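Listed below, chain by chain, are the residues.
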Amino acid sequence: MNVNKILWLMVLLLLPLKLIALDKIPSESRIETLIVNSLTGPKDQPMEKPTDVAVDSTGRVFVADGVNNRILRFNSKGLFGGAISKSGEHTLSWPVGLTMDKDDHLWIADTGNHRLVVVTGEGKFIRAIDLPPVGNDKPVDPTDVAVTPDGFRTYVVDNDHHRILVRDNRTGLFSSLGNFGHSLGQFQWPFMICLGPDNYLFVSETIGTRIQKISPADRWAGVIGQWGIQLGQLYRPKGIAADSQGNIFVSDSTLNAVQVFNSNGQVKGVLTDREGNILRFAHPMGMCFDKKGRLYVVELAANRVTVVEIRTGLKKTPDTGDRR
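Residues numbered from 1 in each chain as written. Predicted model: local features only at pLDDT ≥ 70, side-chain atom pairs only at ≥ 80, totals over all residues. Heavy atoms only, no water.

## Some points on the overall build of the protein
1) Next: Check the secondary structure of the protein and you find one helix and 26 strands.
2) Next: Relative to its 324 residues, the protein shows a buried fraction of 53%.
3) Next: For the protein, restricting intrachain contacts to residue pairs at least 6 apart in sequence, the fraction spanning at least 24 positions comes to 50%.
4) Next: Carbon and sulfur atoms make up 51% of the accessible area of the protein, which amounts to about 14400 Å² in all. (Helix = DSSP H or I, 4+ residues; strand = E, 2+ residues; numbered from the N terminus. Buried < 20%, exposed > 50% of the residue type's maximum accessible area, 1.4 Å probe, protein only. Contact = heavy atoms within 4.5 Å. Areas by Shrake-Rupley, 256 points an atom, 1.4 Å probe, with all protein chains shown as cover.)

## Overview of the environment of Ser253
1) Next: The residue Ser253 is located in the loop between β21 (248-252) and β22 (257-261) in this model.
2) Next: For the pair Ser253 and His283, spaced 30 residues apart in sequence, the C-alpha to C-alpha distance is 4.3 Å.
3) Next: Every residue in contact with Ser253, bar those within four places of it in the chain, is listed here: Arg236, Lys238, His283 and Pro284.
4) Next: Polar contacts involving the side chain of Ser253 include one to the side chain of Lys238, which spans 2.9 Å. (Polar contact = N/O pair within 3.5 Å; in protein donor to acceptor, adjacent residues only side chain to side chain.)

## A closer look at the pattern of salt bridges
1) Next: For the structure on display, the rule yields 12 salt bridges.
2) Next: For Asp56, the salt bridge identified is with Arg60, shortest N-O distance 2.9 Å.
3) Next: The partly exposed category is assigned to Arg60, whose relative accessible area is 22%.
4) Next: Arg153 is the salt-bridge partner of Asp218, the closest N and O atoms lying 2.9 Å from each other. In this pair, Asp218 sits in the loop between β18 (210-214) and β19 (220-224) while Arg153 sits in strand β13 (residues 153-158), placing the two residues 65 residues apart along the sequence.
5) Next: By sharing partners, the salt bridges in this structure join Asp56, Arg60 and Glu122 into a single network. (Salt bridge = Lys/Arg side-chain N within 4 Å of Asp/Glu carboxyl O.)

## Remarks on the packing of aromatic side chains
1) Next: Applying the stated criterion across every chain yields a total of five aromatic pairs.
2) Next: Taking 5.7 Å as the distance between ring centres and 80° as the angle between the ring planes, the aromatic pair formed by Phe180 and Trp189 counts as edge-to-face.
3) Next: For Trp189, a relative accessible area of 33% translates into the label partly exposed.
4) Next: Lying across the ring of Phe152, Arg170 places its NZ or CZ 4.3 Å from the centre. (Phe/Tyr/Trp six-rings, centres within 6.5 Å; stacked < 30°, edge-to-face > 60°. Lys NZ or Arg CZ within 6 Å of the ring centre and 35° of its normal.)

## Structural notes on the confidence of the model for the protein
1) Next: The pLDDT averaged across the protein works out to 89; a share of 90% of its residues lies at or above 70.
2) Next: Within the model, the stretch residues 1-17 combines pLDDT values under 50 with 11 contacts to residues more than four positions away or in other chains.
3) Next: Across residues 319-324, confidence stays below pLDDT 50; counting only partners more than four residues off in sequence or on other chains, it has 18 contacts. (pLDDT = per-residue confidence, 0-100.)

## Looking at the sheet that holds strand β23 (residues 267-272)
1) Next: Taken together, the eight strands give an open sheet; going across it, the order is β20-β21-β22-β23-β1-β26-β25-β24, and neighbouring strands pair in mixed fashion. For this open sheet the edge positions go to β20 (237-242) and β24 (284-289), each flanked by a neighbour on one side alone. For this sheet, the mean angle separating the axes of adjacent strands, direction not counted, is 30°. (Pairing = 2+ DSSP bridges. Axes fitted to C-alpha atoms, helices over the stretch in contact; angles between N-to-C directions.)

## Some remarks on the environment of Gln188
1) Next: Relative to the helices and strands, Gln188 is located in the loop between β15 (174-177) and β16 (190-195).
2) Next: Sequence-wise, Gln188 and Gly178 are 10 residues apart; in three dimensions their C-alpha atoms are separated by 9.8 Å.
3) Next: Once residues within four sequence positions are removed from consideration, Gln188 is found in contact with His162, Phe180, Gly181, His182, Glu205, Thr206, Ile207 and Gly208.
4) Next: Of note is the side chain of Gln188, whose polar atom sits 3.1 Å from the side chain of His182.

## Let's talk about the side chain of Ser29
1) Next: Tracing the chain through its elements places Ser29 in the loop between α1 (3-20) and β1 (30-39).
2) Next: On the basis of relative accessibility, which here comes to 12%, the residue Ser29 falls in the buried class.
3) Next: In this structure Ser29 touches Leu231, Lys268, Gly269 and Val270, once residues within four positions along its chain are discounted.

What follows is the structure, given as structure tokens:
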């Protein structure tokens, strides 16, 4: 490797420090929060490099603890309540992504087994769903999953093959969206997804450094963010969550911050503490909201899930996206 390339790599590594070094941001871009809880695993078997989180209607919390091939469960008060490592005859292998459906069934992107597994909150087996490979010998690399509120559709991120799989849950048939590239409708290592206003799908691209927006009719409807380290830009976007007002929260695992956008891509601000300092997370990953509007942020490097209360009022912005 030549000297110029080494210097360029050093610049890329040091760029995020400029944002991390900032102590305060303008008041109009501050989204004040308060940390209200922190979830960690049992002392004898702590979680290790967790990646995603889901909350059911009763407030129970589920955390993907893939290194330990299990899902950790906490009660509504944040107390550890057990682990799911096997359901029926199906043993989990490196689960990465989670979501909860309308019936409080937990959908698991069982990444190491290249499939989805669906269980009850107690871990009772419901079904396993095999995912269609690329060609005849390239298994799917599922890193996240989302189910529409009516239960009719399931979306699955296939990270290795730069696509989104779409399952019609009424027929069991699959279709796919996207391929490798940086144009609209293409992906560079998509990683996590969430459903936002009017069932629009939001997809994070770790290397593509943006969020893509897809309509319920599978049409590309816009982009959030671009590569950079300033407010409104993304460096390594990972987790996505939509609040009840349709605001889109994006975690950045290199900037160690969570930014907020409206559903059309305009930045609203960044999560801060009461003093206006950017709220720093240790390599934030997957996120979700509970029914009380609290945000759960997985911190991979700290082996925990931090629960924050949003203190700044975020008004709803009308969605003017393509509904075709």
